[in-house]
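Working through the structure, step by step
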Amino acid sequence: MKRFFISAIAIMSCFMANAQSFIPTVNLTTGGQKKIYVSIPNGTNLTAFQFDVALPTGVTVIGATVNGPSTRKTTFGTVGGKLRVLSYDEANTKLESNSFLSLTFKAGNGETSSNATISDVVFVDPQGESTSPGGSNFAINVSGSEFIEFKDAGKLLMVSNKNLDFTSVGDEVKAYIATGYDLVTNEILLTRVKDVPAGTPIWVYGPANTTKKVAVGTSKTYYPSSFIVGSATEETTVPATDANAYSMTLSPNSGQTSGVQSSFNIEPGKAYLRIPRGVESVVGSAQTINLTASGNKEAYVTPCDLDFSSVSGLSAFIVTGYTSTGSMIWLTPVKKVSMNTPLYLKGSTNQYTVPSSAQRIVYVNMLKGSATSTSDVKVEENGFKTWYLSRQDGLWGPLENDDPNFPQGKSYLPVPKSYIATSRGDNEILQSIDTEAEVIRVKLGSLNGDDEETTGIRELMMNDSDVWYNLRGQRIDTPTKKGLYIHNGRKVVVK
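Anyway, here's the lowdown on the structure attached to this text. (Residues numbered from 1 in each chain as written. Predicted model: local features only at pLDDT ≥ 70, side-chain atom pairs only at ≥ 80, totals over all residues. Heavy atoms only, no water.)

1. Some words on the overall build of the chain
- Of the regular secondary structure elements, the chain holds 2 helices and 46 strands.
- Across the 495 residues in the chain, those meeting the buried criterion constitute 48%.
- Pairs at least 24 apart in sequence give 75% of the contacts found in the chain among residues at least 6 apart.
- Carbon and sulfur atoms provide 47% of the accessible area of the chain, an area that totals close to 22800 Å². (Helix = DSSP H or I, 4+ residues; strand = E, 2+ residues; numbered from the N terminus. Buried < 20%, exposed > 50% of the residue type's maximum accessible area, 1.4 Å probe, protein only. Contact = heavy atoms within 4.5 Å. Areas by Shrake-Rupley, 256 points an atom, 1.4 Å probe, with all protein chains shown as cover.)

Here is the structure:
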């Protein structure tokens with residue numbers, strides 16, 4: 001008996017030491033919840049345990065489980081003003097060697113910072129003997145901030161149920177939305193954002209193996225749905241790769257992206273990538289573009305693949321966001337675009353010649369329009385109000401009447417009505433901000449599809465000039481049939 005008592009005390013002291021070190025500081029946002037895990041040391045000779053926790057005001061536990069067989073039961077409730085957690089096995093089976101306790105904490109609407117005190121700890125062995133080691137403390141913080149935990153890679157995909165203000169962390173933590181994907185180079189284009197509305201899936205960079213606090217703000221910014229998908233409040237099903245898109249996950253440990261072979265669920269607050277497989281790509285002749293709006297501007301839709309990178313004095317943009325404060329649209333610069341891409345152009349003169357070359361890039365873009373046909377555009381539709389670029393003053397303003405024949409080759413801008421400032425009503429005009437956008441390109445991992453073969457061909461042929469290859473890697477003089485070919489290291493659809 002004495003020998004067991006000493007052994008049990010050692011075991012329980014070990015457990016409490018682990019509880020002290022493995023229950024980290026619990027950081028909660030007001031109204032939020034978080035699940036934490038407590039490791040139970042290997043080699044335990046225990047069948048049951050119980051402890052009480054004195055929680056800060058406004059903090060509750062809404063879930064408690066211990067892994068094990070169906071005979072293991074874990075309950076929790078309030079006793080004497082404290083949370084009591086009890087775990088036992090109906091068949092008196094010992095805890096497994098890899099046992100752990102999970103606790104889900106929920107915060108109220110008030111902010112607090114306090115210690116949670118563990119006391120009245122009781123452990124029971126298979127013979128029914130019990131011991132009661134001392135207690136311990138761990139900190140619980142509830143604030144109007146979001147705590148982002150970075151692992152080895154220093155990057156993750158996430159979605160918060162709070163409006164996040166990344167200006168509070170300067171350049172130490174950067175958030176991005178996915179605004180484009182280059183099918184040729186297998187790169188995703190990320191545009192930096194600082195004001196992130198609740199429910200917006202983002203790609204975040206930060207210092208590895210740290211937890212950073214981001215302030216909660218009041219967002220007035222709208223972003224269109226991007227290639228990052230997830231929910232802040234509900235479990236999300238990640239679909240398997242299909243004929244239309246690739247599903248990809250990002251490992252916060254390795255920092256690598258990888259394709260998804262079969263569907264699975266991810267917890268609230270996590271996100272994944274959904275990458276389109278294809279985009280219309282047609283090489284045409286060089287295009288003469290006239291900037292007709294005041295100030296040498298144009299709302300334009302590309303009739304074929306175009307490359308603006310070598311055109312001096314002309315800038316091309318997609319619209320990646322709208323902020324009601326100041327009525328501003330956020331512009332992301334682009335250089336290479338595929339056919340039928342709506343753009344906002346600015347130039348130093350009123351006429352430019354833009355060369356056409358094969359591109360396979362798809363963008364997330366608030367701008368709409370068609371290069372091949374007129375559009376039936378409504379003043380208001382599906383919660384959006386339509387703006388167009390005025391030739392007279394070069395400003396974006398509200399469309400006054402429905403236009404069933406909005407010109408082909410011209411882009412227009414639907415803006416969500418719920419975000420529009422109403423102080424000036426229909427006289428509202430939009431400014432444009434293009435100096436804040438920071439765009440980076442990130443190479444993705446294997447997409448697990450038929451692109452792998454052609455990507456390999458592309459890499460082999462990148463140094464060739466004005467030569468064609470079929471998808472078997474055979475050099476040809478010129479395409480004689482419709483289909484997909486490699487030309488100057490890029491995939492081209494010949495129609």
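2. Some thoughts on the sheet that holds strand 22 (residues 245-250)
- Sheet architecture is open: 4 strands sit in the order 20-25-22-23, paired in antiparallel fashion. With partners counted over all chains shown, the strands left at the sheet margins are strand 20 (228-230) and strand 23 (257-259), one partner each. For this sheet the average axis-to-axis angle between neighbouring strands, irrespective of direction, equals 40°.
- Judged from the 4 bridges that link them, strand 22 and strand 25 (residues 271-276) form a sheet pairing that is antiparallel. Residue pairing in the sheet places Tyr-246 in a bridge with Ile-275 of strand 25. (Pairing = 2+ DSSP bridges. Axes fitted to C-alpha atoms, helices over the stretch in contact; angles between N-to-C directions.)

3. Overview of the sheet that holds strand 13 (residues 164-165)
- Across the sheet, 4 strands lie side by side as 11-18-13-16; this open sheet has antiparallel pairing. Edge strands, defined here as strands with exactly one partner in the open sheet, are strand 11 (145-150) and strand 16 (195-196).
- Note that strand 13 and strand 16 share 2 bridges and pair antiparallel. From the neighbouring strand, Asp-165 faces strand 16, where its bridge partner is Asp-195.

4. Looking at the layout of surface pockets
- There is about 1500 Å³ of room inside the largest pocket.
- Lining of the largest pocket is provided by 40 residues; of these, Gln-33, Lys-34, Glu-267, Pro-268 and Lys-270 occupy positions nearest its centre.
- Broken down by secondary-structure element, the contributors of at least two residues to the lining of the largest pocket are helix 1 (2-22), strand 1 (26-29), strand 2 (33-39), strand 11, strand 12 (155-158), strand 22, strand 24 (264-266) and strand 25.
- In terms of residue class, the lining of the largest pocket is built from 19 nonpolar, 14 polar and 7 charged. (1 Å grid on protein atoms, 1.4 Å probe; cavity = no way out; pocket = protein on both sides within 12 Å on 5 of 7 lines; lining within 4 Å. Points joined across faces, edges and corners; volume = space filled by probe spheres on them. Nonpolar A, V, L, I, M, F, W, Y, C, P; charged D, E, K, R; others polar.)

5. Things to note about the environment of Val-53
- In this structure, Val-53 sits in strand 3 (residues 48-54).
- Overall, Val-53 belongs to the buried group, its relative accessible area being 3%.
- A sequence separation of 67 residues divides Val-53 from Asp-120, and the C-alpha atoms of the two residues are 8.6 Å apart.

6. Let's talk about the environment of Thr-93
- Mapped onto the fold, Thr-93 is located in the loop between strand 6 (82-89) and strand 7 (100-107).
- In contact with Thr-93, not counting residues within four places along its chain, are Thr-47 and Arg-72.

7. Points about the packing of aromatic side chains
- As enumerated under the stated definition, the model contains 8 aromatic pairs in all.
- Grouped by ring-pair contacts, the aromatic residues Phe-49, Phe-51 and Phe-123 constitute a single cluster.
- Lys-346 extends its terminal NZ or CZ atom over the ring of Phe-317, reaching a point 5.8 Å from the ring centre. (Phe/Tyr/Trp six-rings, centres within 6.5 Å; stacked < 30°, edge-to-face > 60°. Lys NZ or Arg CZ within 6 Å of the ring centre and 35° of its normal.)

8. A short note on the nonpolar core
- Judged by nonpolar contacts, the single largest core of 27 residues is most densely connected at Leu-28, Phe-49, Phe-51, Leu-101, Leu-103, Phe-105 and Ile-140.
- Mapped by element, the contributors of at least two residues to this core are strand 1, strand 2, strand 3, strand 4 (59-66), strand 6, strand 7, strand 8 (112-124) and strand 10 (136-143).
- Contact partners of Phe-105, with chain neighbours within four places excluded, come to Val-26, Leu-28, Gly-32, Gln-33, Lys-34, Ile-36, Leu-55, Val-59, Thr-60, Val-61, Phe-138 and Ile-140.
- Residues Tyr-176, Tyr-181, Tyr-246 and Val-442 belong to the second largest nonpolar core, which totals 21 residues. (Core = buried A, V, L, I, M, F, W, Y, C linked by side-chain atoms within 4.5 Å.)

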